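What follows is the residue order along each chain.
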Number of protein chains: 2
Amino acid sequence: MKIALAQLNYHIGNFEANTQKIISAIKEAQQNGADLVVFAELCISGYPARDFLEFEEFIALCENSVKQIAAACRDIACIIGLPTVNSSPKGKDLYNSAYFIENGVVKTVVRKALLPNYDVFDEYRYFEPADQFTCIEYKGQKIALTICEDLWNNIDNPIYKTFPMDVLILQKPDLMINIAASPFAVNHDQERMQVLSYNAKKYALPLLYVNHVGAQTELIFDGGSMVYDANGQLFDELAYFEEQIAYYNIEKTGVKEASVRAEKPLTPNVSRMSKIEQIHQALILGIRDYFKKSGFNKATLGLSGGIDSALVCVLACESLGPENVMAVLLPSAFSSDHSIKDAEDLVKNLGCMSQTIAIKNITQSFETALEPQFAGLPFNIAEENIQSRSRAVILMAMCNKFGYILLNTSNKSEAAVGYGTLYGDMCGGISVLGDVYKTQVYELSNHINRNGEIIPQNSITKPPSAELRPGQKDSDSLPDYDILDRILKEYIENRKSSAAIIADGFKEDVVRKVLRLVNISEHKRYQTPPILRVSAKAFGMGRRMPIVGKYLS
Amino acid sequence: MKIALAQLNYHIGNFEANTQKIISAIKEAQQNGADLVVFAELCISGYPARDFLEFEEFIALCENSVKQIAAACRDIACIIGLPTVNSSPKGKDLYNSAYFIENGVVKTVVRKALLPNYDVFDEYRYFEPADQFTCIEYKGQKIALTICEDLWNNIDNPIYKTFPMDVLILQKPDLMINIAASPFAVNHDQERMQVLSYNAKKYALPLLYVNHVGAQTELIFDGGSMVYDANGQLFDELAYFEEQIAYYNIEKTGVKEASVRAEKPLTPNVSRMSKIEQIHQALILGIRDYFKKSGFNKATLGLSGGIDSALVCVLACESLGPENVMAVLLPSAFSSDHSIKDAEDLVKNLGCMSQTIAIKNITQSFETALEPQFAGLPFNIAEENIQSRSRAVILMAMCNKFGYILLNTSNKSEAAVGYGTLYGDMCGGISVLGDVYKTQVYELSNHINRNGEIIPQNSITKPPSAELRPGQKDSDSLPDYDILDRILKEYIENRKSSAAIIADGFKEDVVRKVLRLVNISEHKRYQTPPILRVSAKAFGMGRRMPIVGKYLS
C-alpha cells in the first residue's frame, strides 16, 4: 500500500483555503499512485481553533468541507482531522476526530482519547475523550489510527489512565498512523522521536506520523513528520518548517516483521538542524505566517542600535523581504551617537527601508504640558517612559498611515522581569523575541553573522542599555544576563522553588529579587502582544498567572 | 449541631492573610458555640490560583497553612478547601480537595470530581477528578460534602458522566454541604438557587452552601452563600458582595424529615437586589479589591465628558473614595465646550481631584515630527489615534509619577467591535466597563442618578462621540447601540450563527458587518487590560479566540 503523508500549512477557520489545499494534495497523491493520503489532526478547522469550536456554525462548516473533500476522494482514500459532534446526551459537545474516507464515503470515525490540557493546550475545554477504539480496514491491512497525544503515554508519570494503543493492538493491526498538531519548541523534535520510536518498538509496528507545519499566531508548527519501522528505527523524516508530501510503500508481511519500504531510497535527516538554527527558522516562519494569515505584508519596528531590535529587523527582512520592512530610528537626547550609527549600518547591510524621526520635541511637549503637575519633582521613570511611549505613538502612527504591522522587539528576559515600558517598547502586533532569552539573542545574532557581519558587531558587544537616561545600563537594575537567564529558566521553565534555585548556587538576594520581579510583572505581560513560542514554556496562553496574586511578591 | 458558614474574601497566594482570616473565623465561631465552621473551595490558596498550582512550593505552602489552621481548631471542627497532591503514579498531579479537620487532625479528605473546564474555568488543567466518595462522620451525623461543580449536573445536557451525590446518597447522609468558588455574573444567583434547590429536593436533605466573596482581578465573587431545607426551599441567604459568618442549627430527625433550624429566626433576602444594582455592587467590589490586593489605593482616569468615563469616575469614587480619584481632563482641538463643562460638573458633584491638561501642543509636535513622512496625505485614523495615544502617555506619566493605577473606560460594545485605540483609550490597569454593553452603561448611569443628578444629564443624553475629528459621532461608524448590543449579545453570549441572528429580524448587512468587526478585533482585545466580569461571557480569559483566524472575517 502506497501512503502519502501530507504535511501542510493550514489557516484557522479558513475553510475555503484549507479545503482546497487538502483537495489539491489528494489529487497530487492520486497522480502519484498513492492508495491513501494522510493529513494532520484537525486540519480542516486549523489548530488551535479555540472558542470558534463553541459555534455550531463553525462545526457545520467543517462537515461542509468534508463533503467537498469526500467528493474529490475517488479511487483513493484519505484520513483527515476535524471536530465532530458528540450525539450522546452525556459528555462534552464535541470529539476531536479523524475521518477515514474511501471513494467518497466516510468509512470510519476515529476519536481522540487523550486530550492535552496543559501549557498551551485546552482540548478538554471542548472535547469529550473517546472510550471506544477500532482499527481502519483498507486494502487488506488493518490500520491503528491515533490522534497526537493518544501516543504520549509518559511512562514514569502518566497523566492519563487509558492508552488507546493498548486496546487497538488487540485487534492485530498491521501498522500505526498518528496524526498530530504538535507545535515547535526547542528539543521537542527529540521528545517526539523518543515517543514515536518507543511506540513503534513497543507495539512492533511501523508508525507513520503527520504533523502540521506553519504558524498560527504564537504557535509555530515545525512539521518534521516521520516514519518509523517496526523495530523503532527512524526510517524517514519530512522537512522542518516547510510543506511537503512524501510517499511510502507499506507491505504486509506479518505483524512482527511488518516493514516500511520507501518507494525510492530515502535517508533520514542525517545532519540535523542545530538548535539555534531551529529557533531561527521558527521565528522566520512565525513572522511570515502572522503577516500572511493576517492579510498584511509590511512590517515596521523601532531600530535603536541595540541588539534586540537589530535581530528583529534581520528576521523581518528574512521573513518578508527587506523591501517590506521599514526600520524607524527614533533618537532622543539620551541616544548615543554609536546607537544611531549602528542602526544605520544595519539598515545598509539589510537594504530595508528606514526613516529617522527625532523625539526630542515630542518628549519636550509632554514635559511642558505636565510642568504644572510635575513641577519640583525629580526626573524619574515617568520621564523615562514618556520617551518609550512617544516612540510607540510614532510607530503606531506609521502603522495606521501606511498599513504596517509593528513588530515588538522585547526579549524574554526583559518580559520576565518587567524591564520594559507598557504601551511603549512593549507594543506591537506580534512579539518576535518574547520567548528568546537575552543570552539566546546574542547566540542567534552571532549565528546570523556566521558568514559575515549582518548585525553590526558593536550592537553585539556593547553593554545593553535602554538609553532612557544618561549613562543608563541594564546592569544598573538587573543581574548580568548570564546569571539572570539561568535563574529565569529554573523558575519559568522548570518551576523550581526559590530554595531549590538558591541551592543550585545562586545568591539568595538575587534569586528572591528576580522571582519577585517576575511575579509583580504579570499585569504588564497580560497586555503585551502574542509571543512567538520557541520554548516549552513561553509567556502567554501557555503560562496563566493571577495578576493580583501575592505569591513570592 | 451548630454550623457556621464563613463567607470570606481571600487573596490568591497570600497564605499569611488567608490563614489568619480562617483562624480568626474559627475562633469567632468557637466563641459562638459552633460545632463546625465551613469555609469555601480552595480558600487557603485563593481562587483561581492558576499556574501557581504548578509550583510544588506553592502546594507545600498550602499544607503549611493547614498545620496552623489545624492547631487552632480545638473543640471545634472545620472544613477548608485546598489543592492536594495526587500520590498515585497515574493521573494529574493534584486534587481539588477539602479537609475535614476535627480537634487538630485532618480526619477526612474529600476530592472534587466534576472539574469545570469552560469559560473562565481551567480546573482540568491542574486536577485529577475524584472517583471515590465518602461521607464525613461527625457528632452522630453523616455529612455529604461536595465541592462546587460536583452538584452542577445539568439535567438536559450533562457534560459529566458521574455525579458524586448519587454515590454519597447510598451512604445515607443526614445533610449536604457544598463549598464553592462561584463567580458573579448577572442571573448566576438564580442559576445557583435552581441547582441548589434541585439537589436539596432530589436527595431530600438540607444543603448548606458556602461561596467566596471578593474580587480576584477580573473574577468577582459575590458571596450569597445559602441554606436549603430538605424540601428544596430556601431557608436563608447570606449577604452579597460582603463578608459574613452565619450560624445554623442542624438537627437529625431522619433523612426524609431532616430539617434546617436556624439559631435565631432568619428571613431570606426578600427584597432581592435588582440586576443593575448587582452589576453596580460587583463593579465597586471589583475596583476596590483590584486596588487593595495590588497594594494601591489611588486611581486616575481620563475624563472626556462622555458617559463611559463619567460612569467609571463615579464607580471609582464609590470604591476608593473621591479623595483617591484623580480625574484628568485632556481636551483637544476637537473637544466640544460642553464636553469640558460636563466633565467639570461631574468632578464638582463627586468631589474628586482633577487636573486639566490640553493635548493640542503635544499632538502638534507629533504631526510636526511626522510631517516628512505624512506630507500630502489626508488626515485619517493615524491622526485620530495620535490624540488618543497622547492622552494615554499623559495618564501613564501621572501613574508613574504619583502611583496611580489608570482605570480603563472602554465599554463592552466598543471592545467588541474594536472601536477604540490600542495603546490609547484601551489602556489601563483594569477595565471597569469592558463587560458592560453601552446600553447597560446608560442603564447604570440612570440608576446612579436615581436619587438626584450625579452624572450630568448632558453626558447621558448627548449623542456618543469619540471627538477625534470635527463632528464625529459613534453612529457614523456603528449601528445604533440598541441594535448593536442586541446583535453582539446573540453572537458573544449566545454564540448564534449569522444566519440565526438575521433570522431574528436584524438586517443581513448589519449583522455581517458587526460579526466581522468582532472577529477582526481579536488582536486588539488580546492586549487590553483584564475586564471586570459581570456577564456569563466576558472578553478575556473566558473567551479564547484565535488571532490569525479567518472565521467570519
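Below or above, wherever it landed, is the structure these notes cover. (Residues numbered from 1 in each chain as written. Chains lettered and ligands numbered in written order. Predicted model: local features only at pLDDT ≥ 70, side-chain atom pairs only at ≥ 80, totals over all residues. Heavy atoms only, no water.)

1. Looking at the sheet that holds strand 6 (residues 136–138) of chain A
All names here are of chain A.
In step 1: In spatial order, the strands read 6-7-8-9-12-13; together these six strands make up an open sheet with mixed pairing. Taken across any chain shown, the strands that pair with only one partner, and hence form the sheet edges, are strand 6 and strand 13 (234–237). In this sheet, neighbouring strand axes are inclined to one another by 20 degrees on average, regardless of whether the strands run parallel or antiparallel.
In step 2: Across three bridges, strand 6 lies against strand 7 (residues 141–147) in antiparallel orientation. Within the sheet, the bridge partner assigned to Tyr138 lies in strand 7 and is Gln141. (Pairing = 2+ DSSP bridges. Helix = DSSP H or I, 4+ residues; strand = E, 2+ residues; numbered from the N terminus. Axes fitted to C-alpha atoms, helices over the stretch in contact; angles between N-to-C directions.)

2. Points about the packing of aromatic side chains
In step 1: Under the counting rule described, the total for this entry stands at 34 aromatic pairs over all chains.
In step 2: The rings of Phe15(A), Phe52(A), Phe55(A), Phe58(A), Tyr491(B) and Tyr551(B) are connected pair by pair, giving a single aromatic cluster.
In step 3: It is Arg111(A) that lies over the ring of Tyr95(A); its NZ or CZ is 4.0 Å from the centre.
In step 4: In this arrangement the basic side chain of Lys401(B) is found over the ring face of Phe374(A), its NZ or CZ atom lying 5.0 Å from the centre. (Phe/Tyr/Trp six-rings, centres within 6.5 Å; stacked < 30°, edge-to-face > 60°. Lys NZ or Arg CZ within 6 Å of the ring centre and 35° of its normal.)

3. Details of the environment of Ala6(B)
Residue and element names in this part refer to chain B.
In step 1: With respect to the helices, strands and loops of the structure, Ala6 is situated in strand 1 (residues 2–7).
In step 2: For Ala6, a relative accessible area of 0% corresponds to the buried category.
In step 3: On a C-alpha basis, the gap between Ala6 and Ser87 in space is 30 Å, while along the polypeptide they are 81 residues apart. (Buried < 20%, exposed > 50% of the residue type's maximum accessible area, 1.4 Å probe, protein only.)

4. What about helix 4 (residues 188–203) of chain A?
Residue and element names in this part refer to chain A.
In step 1: In this model, helix 4 (16 residues) spans 23 Å end to end at C-alpha, consistent with the 22 Å of a helix rising 1.5 Å per residue.
In step 2: If you check which residues of helix 4 are buried, you get His188, Asp189, Arg192, Met193, Val195, Leu196, Ser197, Asn199, Ala200 and Tyr203.
In step 3: Backbone geometry just downstream of helix 4 places Ala204 in the positive-phi region, at approximately 50 degrees. (Expected span 1.5 Å × (residues − 1).)

5. A word on the interface of chain B and chain A
In step 1: Counting from both sides, the interface comprises 102 residues of chain B and, opposite them, 103 residues of chain A.
In step 2: Between chain B and chain A, roughly 8,700 Å² of surface is buried when both sides are summed, and carbon and sulfur atoms account for 61% of that area.
In step 3: Per-residue buried area on chain B facing chain A is highest for Lys401(B), Val548(B) and Tyr551(B); these three make up 10% of the total on that side.
In step 4: Linking chain B with chain A are ten salt bridges.
In step 5: On inspection of chain B and its partner chain A, the count reaches 42 residue pairs in polar contact (both at pLDDT 80 or more). (Contact = heavy atoms within 4.5 Å. Buried area = accessible area lost by both parts, 1.4 Å probe. Salt bridge = Lys/Arg side-chain N within 4 Å of Asp/Glu carboxyl O. Polar contact = N/O pair within 3.5 Å; in protein donor to acceptor, adjacent residues only side chain to side chain.)

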